[in-house]
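Okay, here's what each chain looks like letter by letter:
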Amino acid sequence: MTAKIDTMSPIRAREPEAQNNVTPAPPPGETPFANSTIKLQAEHLNFYYGDFQALHGISLKVKEKQITALIGPSGCGKSTFLRTINRISETIRHTRVEGHIRLDGADILKMDVTSLRRRVGMVFQRPNPFPKSIFENVAYGVRVNGLDKKTPLAETVEKSLKRAALWEEVKDKLHDSALALSGGQQQRLCIARALAVDPEVLLLDEPCSALDPIATAKIEDLLFALKSQCTIVIVTHNMQQAARTADDTGFFLLGKLIEFDRTEVMFRKPSEKQTEDYITGRFG
Amino acid sequence: MKLSFRRKAVNAVMLTLTGACTFLVASVLLVILGYLAWNGLASLNLDFFTKLPVPAGETGGGMAHAILGSAKVLLAAMLIGVPIGFFAGVYLAEFGDGVFPGIIRYTTDLLNGVPSIVIGIFAYALIVLPMRHPSTLAGGIALGVMMIPISLRTTEEFLRAVPVSLREGAMALGAGKARTIFTVVIPAAKSGILSGLMLNLARVAGETAPLLFTAFGNQFWSPGWMLATATLPQVIYAYAISPYEDWRRQAWAAGFVLLVLVLSVNAVARFAIGRTTSRGRS
């Protein structure tokens, strides 16, 4: 299903931020499993909505070019955690963060928020295409970040749509409204939109919860293909999805990170009773 | 058995009552339109749209000066009332939590309730008196002030109806607040806001009271913006109370033209609003 994905594109080569890397990233497409550089690191992260503390001392490490899944019952804080990584959580009033999140070692809370969000893309729970054409949707982030001066826009749009496995379906109607696409296509468009600025990290907040199983399968295939190019953090309600796609999995409960380990360990031999109860469906 | 008869009787009475009232409501508009057409259509010819009025007592002539005058006054009103209301609406929708925006919202609603004649006096005192004569501009300002509250509230309502997920989507791509508002939120609310503005325009198009003091009226063309001008509602008023049979017929015709214009703007706007809301739900 993953059509033609341009895995060999030298995306990282022209990123100025790549110089900050602790160790230089290997060329895309090369043995992603062997690499275990830490891309993102949360340290004692607390998050408050007004007086309510939604996250309690979260510490975890996200490895580069791997898929990290966050699971847990509704309201456990996994989405809140995801939303602090690109600081979109700041757009809600009366919220407060304590602790650190480091991207390649640099504290994101001290970064310029625009350059952070260019490096850390996000796909939301419900497809949220802008009421513009397919082309303009993908071009949006490129224009916002002024990247269209480097590469011709049409080229970037085509490449992004190919990476999101949507090109074949929309290449003849790039200037039609994005709202005319199906839900699954819209979600892949949102992924293409996020990919167009070549993010280093892609955050996905339950990206398949509004989609049918076929569209879900397409998105999962896509995640596998994208893994060689960027680090993926996915929040999901669907445990099979975490088991199928993720390298590492974290289990959240009531704002705490209960357990974080390799996915096969989490699903076969979790060390915490609460994790086991949740995974086997005894609650949640 | 008796209970069942009572139930059926009550049902029949209520059905008749509600049905008759509904019919009455619907027929009022048709009666008004028909009556205007019956009385005015005879005077409605090409001259009505292209000629100036003839001296009292002669028959013929037209209302070209009032049609153009109305268009100019409404254009001025739009240029004043729409931007002020629109930008204030953007502010209230995007930054409008707290005491100060609450006060603005409240005073706006009060302004909306101010009788139009009071706004006319206000424009008279502030613009016509210092200038020493009525003008197209003064009429435009009076109607412009009347347009502000509704421009503001429709802009605010339609912007607030744009889903948070769209704003977040734009901001997650690195767009700042202003950029998000102007490139995603406002375009998403565009057709709703435009339709609201058209309804607003249609509403003030029929206003007469504020124009009596400000645009005043004129038997001739009114070049520029600084001279008194005729407008359709004012000419209807002046002609309808005149002693000349032909003038009164022309007043009916002008009423018919005004009503058709306002109704068609209304219909177009409502059609556009209907389309946006049904598309927004998909």
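Let me begin by describing the structure that accompanies this report. (Residues numbered from 1 in each chain as written. Chains lettered and ligands numbered in written order. Predicted model: local features only at pLDDT ≥ 70, side-chain atom pairs only at ≥ 80, totals over all residues.)

Focus on the overall build of chain A
- Tallying secondary structure elements over chain A gives ten helices and ten strands in all.
- Within chain A, the fraction of its 284 residues that count as buried is 48%.
- Long-range contacts, defined here as pairs at least 24 residues apart, represent 70% of the contacts in chain A between residues at least 6 apart. (Helix = DSSP H or I, 4+ residues; strand = E, 2+ residues; numbered from the N terminus. Buried ≥ 20, exposed ≤ 12 C-beta atoms within 10 Å, placed from the backbone. Contact = placed C-beta atoms within 7 Å.)

Let's talk about the sheet that holds strand S1 (residues 38–49) of chain A
Residue and element names in this part refer to chain A.
- Ordered in space as S2-S1-S4-S5, the four strands form an open sheet in which the pairing is antiparallel. Only two strands of the sheet have a single partner each, and these edge strands are strand S2 (52–63) and strand S5 (106–107).
- Here strand S4 (residues 95–103) pairs with S5 via two bridges, running antiparallel. Along S5, the bridge assignment pairs arginine 102 with aspartate 107. (Pairing = 2+ DSSP bridges.)

Observations concerning the packing of helix H3 (residues 134–144) of chain A against helix H4 (residues 153–163) of chain A
All names here are of chain A.
- H4 packs onto H3 with a crossing angle of 110° between their chain directions and a minimal axis gap of 9 Å. Considered as vectors, H3 and H4 are oriented roughly perpendicular to each other. Residue-level inspection shows Phe135, Val138, Ala139 and Val142 of H3 in contact with H4, the latter providing Leu153, Thr156, Val157, Ser160 and Leu161.
- For the contact of H3 with H4, a count of residues per class yields seven nonpolar, two polar and no charged. (Axes fitted to C-alpha atoms, helices over the stretch in contact; angles between N-to-C directions. Parallel < 35°, antiparallel > 145°, perpendicular 65-115°, else oblique. Nonpolar A, V, L, I, M, F, W, Y, C, P; charged D, E, K, R; others polar.)

Digging into the nonpolar core
- Judged by nonpolar contacts, the single largest core of 124 residues is most densely connected at A:Ala192, A:Leu202, A:Leu203, A:Ile232 and A:Val233.
- In terms of residue count, helix H6 (residues 136–160) of chain B provides more of this core than any other element does, 13 residues in total.
- Discounting residues that sit within four places of it in the chain, A:Leu202 has contacts with A:Gly121, A:Val123, A:Ala194, A:Leu226, A:Cys230 and A:Ile232.
- B:Ala66, B:Tyr239, B:Trp247 and B:Ala254 belong to the second-largest nonpolar core, a separate cluster that totals 17 residues. (Core = buried A, V, L, I, M, F, W, Y, C linked by C-beta atoms within 7 Å.)

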